[in-house]
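Given next are the chains, with one letter for each unit.
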Amino acid sequence: MSEADTRDDKALDHRDAAPGEERIEEHEIAGGLAGYLLGFGLAILLTVASFLAAQTDVIYQPAVISALTVLAIAQMGVHLVFFLHITTGPDNTNNVLALAFGVLIVALVVLGSIWIMGHLNQNMAAVTAHQAATMP
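Let me sum up the structure you'll find in this document. Just so it is clear, the model here is predicted, and its values are computed rather than measured.

## Examining the overall build of the protein chain
At step 1: Secondary structure assignment for the protein chain yields 5 helices and 0 strands.
At step 2: Counting from the amino terminus, the protein chain carries its helices and strands in the arrangement α-α-α-α-α.
At step 3: Expressed as a percentage of the 136 residues in the protein chain, the buried residues total 13%.
At step 4: Within the protein chain, residue pairs in contact and separated by at least 24 positions form 52% of the contacts whose partners lie at least 6 positions apart.

Here it is in structure tokens:
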């Protein structure tokens, strides 16, 4: 047996993990079956709160969109922490960076598309009635 085989888990450096190699500890809030059940309960609670906000008059009507946005962001946080196990720990640096890169790419695509469509709308020549009549 080598020396590495005799080391216990506490002596291992958890920062030296390959991407995708997750070591969920049972004492973590998002670890184990209890963590999944807690996340599931929070997700259901946030979903029910969203339906209540949209279907009832509990929230001032012009503020419903803001409330739904906040609840959706909270729902994303619950899913990221409890199901995807993305935390601020040193083992999750690669996952957090991959998530941030994905969010950056999606934001660039969405904002770039909106910017392009806005400028195309402004720069299109107006069609006269005569031109519209001659169009095929």
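## Examining helix 3 (residues 64–83)
At step 1: Taking 1.5 Å per residue, 20 residues should reach 28 Å; helix 3 reaches 27 Å between its end C-alpha atoms and fits that length.
At step 2: Buried residues along helix 3 sit against helix 2 (32–55).
At step 3: Immediately downstream of helix 3, the backbone of His85 shows phi near 55°, a positive value.

## Regarding the side chain of Gln75
At step 1: Take Gln75: it is sitting in helix 3.
At step 2: Beyond its immediate chain neighbours, meaning those up to four positions away, Gln75 contacts Ala43, Leu46 and Thr47.

## Focus: the packing of helix 2 against helix 3
At step 1: Two numbers describe how helix 2 lies on helix 3: the axes approach to 10 Å, and their chain directions differ by 170°. Compared by their axis directions, helix 2 and helix 3 come out roughly antiparallel.
At step 2: In terms of residue class, the contact of helix 2 with helix 3 is made up of 16 nonpolar, 6 polar and no charged.

Reading guide: rules and limits
- Residues numbered from 1 in each chain as written.
- Predicted model: local features only at pLDDT ≥ 70, side-chain atom pairs only at ≥ 80, totals over all residues.
- Heavy atoms only, no water.
- Helix = DSSP H or I, 4+ residues; strand = E, 2+ residues; numbered from the N terminus.
- Buried < 20%, exposed > 50% of the residue type's maximum accessible area, 1.4 Å probe, protein only.
- Contact = heavy atoms within 4.5 Å.
- Expected span 1.5 Å × (residues − 1).
- Axes fitted to C-alpha atoms, helices over the stretch in contact; angles between N-to-C directions.
- Parallel < 35°, antiparallel > 145°, perpendicular 65-115°, else oblique.
- Nonpolar A, V, L, I, M, F, W, Y, C, P; charged D, E, K, R; others polar.

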